[in-house]
Amino acid sequence: MNLSPLPLAGLLTELTTFNPTRVVGVVSYLAAGIAAAVAAKRGGNKVIWGLVALVLFYVAVDIQLGLRHRVAEGFSGAWTSLGLRDHRKPYQIAVLVGVGAAVGVGIGVLVYRLRRAGWAVQLAAGATGLTVALLGVEVLSLHATDALLYRSVPGPVMAIGYAWVALAGVVVAAGLVEGVRAWRGRRS
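This report concerns the structure included in the present document.

With that settled, consider the overall build of the chain. A count of helical and extended segments in the chain gives eight helices and zero strands. Its helices and strands in sequence order give the chain the pattern α-α-α-α-α-α-α-α, from N to C terminus. Considering the chain as a whole, with its 188 residues, one finds that 36% of them fall into the buried category. Accessible surface, the chain: about 10700 Å² in total, of which carbon and sulfur atoms supply 71%.

This is the structure in structure tokens:
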């Protein structure tokens, strides 16, 4: 599996090429990361909010640099070297179902464990888990999911950009709720 870093020329191209979907994703996840970092500093559950912020800042960097696509290329090379490139779909589906089940159970357990932390933290953690799952779906790169995520919708942003905005928006809203709660608690 070839997971070599982006060559300098490729990195510069990624950083300087305007892509509306990428801009939407980076801005959305930077805003969500900032909201989570502020909630970590001012609200309760500092560790969870801090982890959410770190993951979301990583996601913003990943979207900008396309790191998940490099991992997908590595997996594609592995399928080819194993002679399974033309027969990989059943394996990809099995991995997708297994990872989907694991992520679903993981998010459920996390939300259950955070039940006393409040719904804002639960929403932020759940949206972050779904974001990580979405990155995993991109790495698996099934043709059907790629066609859904990367399809054009009215306007310059692909469908995945709207998913990023929705998931990041949940974290921003939850971070604002956490911040308001902390502010009200300090006033009384």
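On we go.
Attention now moves to helix α3 (residues 46-65). Here α3 spans 28 Å end to end across 20 residues, near enough to the 28 Å set by a 1.5 Å rise per residue. The complete set of buried residues in α3 reads W49, V52, A53, L56, V59, A60, D62, I63, Q64 and L65. The positive-phi residue at the C-terminal boundary of α3 is G66, with phi of around 70°.

This part is about the nonpolar core. Y29, W49 and V171 are the most contacted members of the largest nonpolar core, which has 29 residues in total. Going through the elements one at a time, α2 (20-42), α3, α6 (119-140) and α8 (159-187) are the ones with two or more residues in this core. Dropping the residues within four chain positions of it, V171 is found in contact with A32, A35, A36, W49, V52, L56, A124, A127 and T128.

As for its position among the elements, V121 is in helix α6. Dropping the residues within four chain positions of it, V121 is found in contact with N45, I48, W49, L114 and E178.

Next up on the list: the pattern of salt bridges. Taken as a whole and judged by the stated rule, the model has three salt bridges. Here R68 makes a salt bridge to D62, at a shortest N to O gap of 2.8 Å. Between R70 and E73 there is a salt bridge, with the nearest N and O atoms lying 3.5 Å from each other. A residue pair is termed a helical-turn pair when its members lie 3 or 4 positions apart in one helix, as R70 and E73 do in helix α4 (residues 67-81) at three residues. Within the structure, one salt-bridge network assembled from shared partners comprises D62, R68 and E138.

It is worth spelling out the side chain of Q122 at this point. Tracing the sequence through the fold places Q122 in helix α6. Look at Q122 and you get buried, because its relative accessible area is 19%. Once you skip the residues sitting within four places of it in the chain, Q122 turns out to touch V111, L114 and R115.

Another point: a nonpolar patch on the surface. On the surface, F18, V23 and V27 cluster together to form a nonpolar patch covering roughly 310 Å² of accessible area. Mapped onto the secondary structure, F18 falls in the loop between α1 (8-16) and α2. Overall, the relative accessible area of 64% leaves F18 in the exposed class.

α3 packs onto α2 with a crossing angle of 165° between their chain directions and a minimal axis gap of 8 Å. Considered as vectors, α2 and α3 are oriented roughly antiparallel to each other. The interaxial crossing formed by α2 with α3 has left-handed handedness. Partitioning the contact of α2 with α3 into residue classes produces 17 nonpolar, four polar and four charged.

Scoring rules and cut-offs
- Along each chain, the written sequence defines residue order, and numbers are assigned to residues from 1.
- It should be noted that, the model being predicted, local features are given only for residues of pLDDT at least 70 and side-chain atom pairs only at 80 or more, the latter also being counted only at that level, while totals for whole chains, interfaces and linings use all residues.
- No hydrogens and no water enter the side-chain calculation; it runs on all heavy atoms of the structure.
- Where helices and strands are cited, they refer to DSSP runs of H or I of at least four residues and of E of at least two residues respectively, numbered from the N terminus.
- Burial status follows relative accessibility: with a 1.4 Å probe on protein chains alone, a residue under 20% of its type maximum counts as buried, one over 50% as exposed, and anything between as partly exposed.
- For every accessible area listed, the method is Shrake-Rupley and the probe measures 1.4 Å; residues are considered covered only by the protein chains on display.
- Residue count minus one, scaled by 1.5 Å, sets the expected span of a helix.
- We define a nonpolar core as any set of buried Ala, Val, Leu, Ile, Met, Phe, Trp, Tyr and Cys residues linked to one another through side-chain atoms lying within 4.5 Å.
- Here, two residues are considered to be in contact whenever any of their heavy atoms come within 4.5 Å of each other.
- Basic side-chain nitrogens of Lys or Arg form a salt bridge, by our definition, when they fall within 4 Å of a carboxyl oxygen of Asp or Glu.
- Like-charged residues within 9 Å of one another, or nonpolar side chains (Val, Leu, Ile, Met, Phe, Trp, Tyr) within 5 Å, are grouped into patches, provided each residue has over 30% relative accessible area and no salt bridge.
- Whenever a helix is involved, its axis is fitted only over the stretch in contact; in every case the axis is a line through C-alpha atoms, and angles between N-to-C directions fall within 0 to 180 degrees.
- Every angle not falling under 35 degrees, over 145, or within 65 to 115 is termed oblique; those three ranges are roughly parallel, roughly antiparallel and roughly perpendicular.
- Rotating anticlockwise by less than a right angle from the far helix to the near helix defines a left-handed crossing, while the corresponding clockwise rotation defines a right-handed one.
- Residues are grouped as follows: Ala, Val, Leu, Ile, Met, Phe, Trp, Tyr, Cys and Pro are nonpolar; Asp, Glu, Lys and Arg are charged; every other residue, Gly included, is polar.

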